[in-house]
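Residue strings, one per chain:
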Amino acid sequence: MSKAIAKHSGRHGTIGLALGGGGARGLAHIVLLEVLDELGLKPVRIVGTSIGSIVGAAYAAGVSGRDLRTHVLGLVRDRPGAMARLLKARVGRFSDLFNGNMGNPVMLDGELLLDLFWPAMVPDRFEQLAIPFESVATDFVGRRGAIFSAGPLAPAVAASMAIPGLIKPVEMDGLVLVDGGVVDPLPFRHLIGAVDVIIACDVTGGPVADRKGVPKPFEAMFGAAQIMMASITREILAVSQPDVLLKPDVDAFRVHDFFKAAQIFAACEGLRDEAKRSIERKLKALERS
């Protein structure tokens, strides 16, 4: 570990971490967390949107980057077990298509998903986390962002990941909440002025040049959401920038490609060296200032 990193891993060089939304692409966040662990750096504050909220909350609970990787790979290797858990989390029924309500037969309950898939050590409340954490969702009626940092953890994270059409909205604190990526796909702005160094990981991805033909319905829905999130992120970054912005190479993966976790991790190995260099360069600059 360099002297710069050794110095700024303490309270005099605080680090904040912003983990963005992007579905399965957000598994790339775990590689960044492994980098922080390898450098001996501990964020003093984490903000997450959607998959960034899921991963960020687990890390804030004390689950290491390496343990998160092992946990995810264990889940996806047992494909029948993972599919059985998904069925347990399903709240829609195929009869919904014919009962006049035009319900979604594959609608999932986000809180049940978290209960079935999160590491066991993730606590029930924000106040029990080892690192202060904030989860970003969208107030559907108010059409604005909603951020949670206290109280029950699972409902707040379930709200942050409530992809319209796939995961049911969450009712909490008098609000109807959906996916935070609708308004704030890369939530680093919540860290401005609160820490010395802001590290943000953007997993919205870019265009996929080799994909041809008309997308299937779910792919069209998820793809349109990704286009929207990428557009919002570009607008956010045009106004302000985090101190370290990382964009993993996740363009080849779709939002629902969770069973390709091993391939996603492999594709993001290039992020490891880039993240180390970028973080160390910023901390050295902070030391000189």
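Relevant structure appears above.
Remember, it's a predicted structure, so these values are computed and weren't measured experimentally.

J.: Break down the nonpolar core for me, with residues and values.
T.: Within the largest apolar cluster, 75 residues are counted, with the highest numbers of intra-cluster contacts made by Leu-32, Leu-36, Trp-118, Phe-133, Leu-153, Ile-199 and Ile-279. In terms of residue count, the dominant contributor to this core is helix 2 (residues 28-39) (eight residues). Excluding residues within four positions of it along the chain, Ile-279 makes contact with Leu-32, Val-35, Leu-36, Leu-39, Leu-41, Ile-199 and Val-244. With 11 residues, the next largest nonpolar core counts Val-47, Leu-191, Ala-200 and Ile-236 among its residues.

J.: Quick rundown of unusual backbone geometry? Include the residues and the values.
T.: Comment: phi is negative for the bulk of residues other than glycine, and the bulk of peptide bonds are trans. Positive phi, normally seen in glycine, also occurs at Arg-143, with a value near 55 degrees. Looking at where Arg-143 falls in the secondary structure, it is placed in the loop between strand 3 (133-139) and strand 4 (144-148). Its relative accessible area of 75% is what places Arg-143 among the exposed residues.

J.: Go over helix 4 (residues 65-77) with me, naming the residues and quoting the values.
T.: In this model helix 4 runs 18 Å from its N-terminal to its C-terminal C-alpha over 13 residues, within 8% of the 18 Å that 1.5 Å per residue would give. The complete set of buried residues in helix 4 reads Gly-65, Leu-68, Arg-69, Val-72, Leu-73, Leu-75 and Val-76. Seen along its axis, helix 4 keeps its buried residues to an arc of 160 degrees; they face one direction. Residues of helix 4 that are exposed and point more than 90 degrees away from the buried face comprise Arg-66, Thr-70 and Arg-77. For helix 4, the secondary structure elements touched by its buried residues are helix 2, helix 3 (51-60), helix 5 (79-88), helix 6 (110-117), helix 9 (261-267) and helix 10 (269-288).

J.: Which residues make up the side chain of Asp-179, and what values do they have?
T.: By the element assignment, Asp-179 lies in strand 6 (residues 175-179). Buried charge without a salt bridge: Asp-179, with Arg-25 as the nearest opposite-charge side chain at an N-O distance of 13 Å. With near-sequence residues (within four places) excluded, Asp-179 lies in contact with Thr-49, Ser-50, Thr-138, Ala-159, Ser-160, Met-161, Ala-162, Ile-163 and Pro-164.

J.: Describe the pairing of strand 1 (residues 15-19), naming the residues involved and giving the relevant values.
T.: Across a regular strand the side chains alternate sides, sitting on one face of the sheet and then on the other. Within strand 1, five of the five residues are buried, which leaves it mostly tucked inside the rest of the structure. Residues Ile-15, Leu-17 and Leu-19 point to one face of strand 1 and Gly-16 and Ala-18 to the other, with burial holding for every one of them. Sheet topology note: the strand 1/strand 7 (residues 197-201) ladder contains five bridges and is parallel. Within strand 7, the position partnered with Ile-15 by the bridge is Val-197.

J.: Lay out helix 3 in plain terms, naming residues and giving numbers.
T.: Burial within helix 3 is extensive, with 10 of its 10 residues counted as buried. Among the residues making up helix 3, those that are buried are Ile-51, Gly-52, Ser-53, Ile-54, Val-55, Gly-56, Ala-57, Ala-58, Tyr-59 and Ala-60. Downstream of helix 3 by a residue or two, Gly-62 has a phi angle that is positive, lying close to 110 degrees.

About the cut-offs
Residues numbered from 1 in each chain as written. Predicted model: local features only at pLDDT ≥ 70, side-chain atom pairs only at ≥ 80, totals over all residues. Heavy atoms only, no water. Core = buried A, V, L, I, M, F, W, Y, C linked by side-chain atoms within 4.5 Å. Buried < 20%, exposed > 50% of the residue type's maximum accessible area, 1.4 Å probe, protein only. Helix = DSSP H or I, 4+ residues; strand = E, 2+ residues; numbered from the N terminus. Contact = heavy atoms within 4.5 Å. Expected span 1.5 Å × (residues − 1). Arc of directions from axis to C-beta. Lys, Arg positive; Asp, Glu negative; His and termini not counted. Salt bridge = Lys/Arg side-chain N within 4 Å of Asp/Glu carboxyl O. Pairing = 2+ DSSP bridges.

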